[in-house]
Amino acid sequence: MQQNDLAPTHVDVLIVGAGISGIGSAFHLQDQCPEKSYLVLEAKDTFGGTWETHKYPGVRSDSDLYTFGYRFKPWIGAPIASGAEILKYMGEVIAENHIDRHIRYGHRITACRWSSAENLWHVDALRKADGATLSFTCNFLWMCQGYYDHETPYIPDWPGRADYRGLFLHAQLWDPALDYAGKRVLVIGSGATAATVVPALAEKAAHVTMLQRSPTYFFCAPNQNELADRLRQIGIDEPTVHRVVRAQVMHDQDQLTLRCQNEPDVVFEELKALIRAYAGEDFRFEPDFTPRYRVWQQRLAFVPDGDLFRAVAAGKVDVVTDEIDHFTEAGIRTKSGDLIEADIIIAATGFHFSMMGGIPFSVDGRAVDWHETVNYRGMMFTGVPNLAWVMGYFRASWTLRVDMLGDFVCRLLNHMDVLNAKRVDVALRDEDRDMPLLPWIDAGNFNPGYLMRGLDKMPVRGDKPEWMHNQDYWREKDEFPLIDLDGTEFIYDGKRRAGKAPAEASSMAAA
């Protein structure tokens, strides 16, 4: 991947990561703050992030591309896209907007250090090509590195795994050269990865078994958008198709989210009906497709064209709901006593949450413990100046928040220029002093395993909208443009706009 090795070592804004978040943020920065210099540092040798990491069979989006795609670039194609199609789309964004000249690939960040004396971030990076250690400085740091460890997936410590004589691997570490044709394959897991890889494997494998500890909710529908097809048929231009269909999808998602909360049993019956349309009226849901949690508590996994359930109905896939007792030489013995033999065992068990990519941060020589910070609207942190963090949505498309935060960060940077401010902090206001500080997310509202395992590494939240990431795009899309950048939660150069210099502005945890 070509890059500009003569790029500067000091920039106004340094973006971390060239995945879906970093590329979108780079576009918004150069579009809305054209005078700002910037660099994108990426640890991988190419762009793509998640879509470069995952190479397992059938890898695809689990969000529709009309909302997972960027607001500024129309998506043309089926709503659910393959990893290769998404990479092609991102590559077009980079080329069309000349973002490539700002990216340095193969640069792994090893430390980020804020200096109040200079009002600068010092960023150290290891260059993969020659092992050189490089130093960069920037006025503002835009963290777009994602939220999980791309190199070490989550694999439970199952008893006897060393006894297994077949091939064991995690889906995240899939080798595209692996030949599984005619093999007996066992997939451990039931989430979006399993729902994707299982039907793809079933096309060539002798047989596939999906072993799940607990079932997942699935949404089956054709991989097409009738409104998009009709608008194209009557000659509507692609930007308009993208804008209208994007609005339609977001409206439908909002309605579905509300219904999942207000009438979950009715929604589940409707989800069953959608599955039966592909798997047949006599398809059994007990015990393998009746989840233990409520339908809104985890992401609803989309199954385009019902491919997983068609494979189950055709006898190509068995689903077993049980727990692993131990591995054997031939496969897995479940706690019910059954032996599942397999030539290949694939763990689709999720990943390790990684706060800020595991990069060590410090502010004026003091190490940052993110768990001691309070998160401002899921994007900034008390006690950590001139930094924005992109954390997308879990129920809606991640990228909706990339666009939204792009607008906010650019508005903040331009406002700082108007004020001639070199530093911005967020701090609790007087009315927030007695606010309870809570785990970053309410487990009763959203509780996937990777977040529950990583809560001790994450910031805390309050009980007010300003101090939480509420996961509600339909609320935030109206609130974010109205955020008062002169509000008392913002501290510019150590002072509130009213002139008060709060003591908590310089502390790591504004308590």
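Look above for the structure.
Remember, predicted model here, so these are calculated numbers, not experimental data.

Rules used in this analysis
- Residues numbered from 1 in each chain as written.
- Predicted model: local features only at pLDDT ≥ 70, side-chain atom pairs only at ≥ 80, totals over all residues.
- Heavy atoms only, no water.
- Buried < 20%, exposed > 50% of the residue type's maximum accessible area, 1.4 Å probe, protein only.
- Helix = DSSP H or I, 4+ residues; strand = E, 2+ residues; numbered from the N terminus.
- Pairing = 2+ DSSP bridges.
- Expected span 1.5 Å × (residues − 1).
- Core = buried A, V, L, I, M, F, W, Y, C linked by side-chain atoms within 4.5 Å.
- Contact = heavy atoms within 4.5 Å.
- Axes fitted to C-alpha atoms, helices over the stretch in contact; angles between N-to-C directions.
- Phe/Tyr/Trp six-rings, centres within 6.5 Å; stacked < 30°, edge-to-face > 60°.
- Lys NZ or Arg CZ within 6 Å of the ring centre and 35° of its normal.
- Parallel < 35°, antiparallel > 145°, perpendicular 65-115°, else oblique.
- Nonpolar A, V, L, I, M, F, W, Y, C, P; charged D, E, K, R; others polar.
- Polar contact = N/O pair within 3.5 Å; in protein donor to acceptor, adjacent residues only side chain to side chain.
- Left-handed = near helix turned anticlockwise from the far one by under 90°.

Attention now moves to the pairing of strand β6 (residues 133-143). Successive side chains on a regular strand alternate, one facing one side of the sheet and the next facing the other. Here β6 lies mainly inside the structure; 8 of its 11 residues are buried. Relative to β6, strand β1 (residues 10-16) runs parallel, the two sharing 6 bridges. When the sheet's bridge partners are listed, V11 is paired in β6 with C138. With 6 bridges connecting them, strand β5 (residues 120-127) and β6 associate as antiparallel partners. Pairing of L126 across the sheet is with T133, part of β6. Hairpin connection, β5 to β6: the antiparallel pair is bridged by 5 residues, and G131 has positive phi, about 75°.

Bringing helix α1 (residues 20-32) into the picture now. Every α-helix winds through 3.6 residues per turn, so residues three or four apart in the chain are directed the same way. The first and last C-alpha atoms of α1 sit 18 Å apart over 13 residues, in line with the 18 Å expected at 1.5 Å per residue. Here α1 lies mainly inside the structure; 10 of its 13 residues are buried. When we look at burial in α1, the residues that qualify are I20, S21, G22, I23, G24, S25, A26, F27, H28 and L29.

Counting 145 residues, the largest nonpolar core has L141 and F361 as the members making the most contacts within it. When residues of this core are assigned to their parent elements, the largest contribution, 11 residues, is made by helix α10 (residues 398-419). In contact with F361, other than residues within four places in its own chain, are C112, W121, L141, M143, M356, R366, A367, V368, W370 and L387.

Once that is clear, we can look at the environment of M458. By secondary structure assignment, the location of M458 is in the loop between α11 (449-454) and α12 (473-479). Spatially, the C-alpha atom of M458 lies 9.1 Å from that of S354, the residues being 104 residues apart in sequence. Among all residues touching M458, those that are not within four sequence positions of it are F353, M355, W370, H371, W389, M391, W440 and L451.

Turning our attention to the sheet that holds strand β16 (residues 339-341). The 3 strands lie next to each other as β14-β15-β16, forming an open sheet whose pairing is antiparallel. Of all the strands in the sheet, just β14 (324-327) and β16 have a single pairing partner and so form its edges. Going from strand to strand, the sheet's axes swing by 25° on average, the running direction of each strand aside. Here strand β15 (residues 331-334) pairs with β16 via 3 bridges, running antiparallel. The residue bridging I332 from the neighbouring strand is I340, located in β16.

Once that is clear, we can look at helix α5 (residues 192-202). With 9 of its 11 residues buried, α5 lies for the most part within the structure. Within α5, burial applies to A194, A195, T196, V197, V198, P199, A200, L201 and A202. In the core, the buried residues of α5 are packed alongside β9 (184-188), β10 (207-212), β11 (218-221), α9 (307-313), β13 (317-321) and β17 (344-347).

All chains considered together, the criterion is met by 38 aromatic pairs. Judged by centre distance (6.1 Å) and plane angle (65°), the rings of W389 and W440 are edge-to-face. Taken as a pair, W389 in strand β23 (residues 387-389) and W440 in the loop between β24 (424-426) and α11 lie far apart in primary sequence, 51 residues in all. The ring of F268 has K272 lying over it, and the distance from NZ or CZ to the ring centre is 4.5 Å. In this structure, R453 is placed above the aromatic ring of Y154, and the distance from its NZ or CZ to the ring centre is 3.5 Å.

Judged by pairing direction, the sheet is parallel, and its 5 strands sit side by side in the order β8-β17-β9-β10-β13 without closing on themselves. In the strand order of this sheet, the two ends are held by β8 (167-170) and β13, each with one partner. Going from strand to strand, the sheet's axes swing by 20° on average, the running direction of each strand aside.

For the rest of this paragraph, the subject is unusual backbone geometry. Note the cis peptide between E286 and P287, where omega equals -5°. Counting through the fold element by element, P287 comes out in the loop between α8 (264-279) and β12 (301-304). You will see that R377, though not glycine, has its phi angle at about 50°, which is positive. With respect to the element layout, R377 can be found in the loop between β21 (375-376) and β22 (380-381). Phi is positive for N386, close to 50°, though the residue is something other than glycine.

On to the packing of helix α7 (residues 238-262) against α8. As a packed pair, α7 and α8 sit with axes 5 Å apart at the nearest point and diverge in direction by 120°. One finds that α7 runs oblique with respect to α8. Here L256, R259, C260, Q261 and N262 of α7 come into contact with α8, specifically with P264, V266, V267 and E270. Taken together, the residues that form the contact of α7 with α8 break down as 5 nonpolar, 2 polar and 2 charged.

Along the chain, R246 turns up in helix α7. Among the polar contacts made by the side chain of R246, one reaches the main-chain carbonyl oxygen of Y66 at a distance of 3.0 Å. Not counting residues within four places of it along the chain, the set of residues in contact with R246 comprises Y66, T67, G69, Y70, R71, V241, L400 and D403.

Before going further, it helps to spend a moment on the packing of helix α6 (residues 226-233) against α7. Where α6 meets α7, the axes come as close as 10 Å, and the angle between the chain directions of the two elements is 155°. As the angle between them shows, α6 and α7 are arranged roughly antiparallel. As α6 packs across α7, the resulting crossing turns out to be right-handed. Across the interface between the two elements, L227, A228, L231 and R232 of α6 pack against E238, V241, V244, V245 and Q248 of α7.

Once that is clear, we can look at the pairing of β17. Side chains of β17 alternate between two faces, with I344 and I346 and I345 and A347 buried alike. Strand direction decides the pairing type here: β8 and β17, joined by 4 bridges, are parallel. In the sheet register, F168 faces β17, and the bridge partner there is I345. As judged from the 4 bridges shared by β9 and β17, these two strands associate in the parallel manner. The residue of β17 that forms the bridge with V187 is I346.

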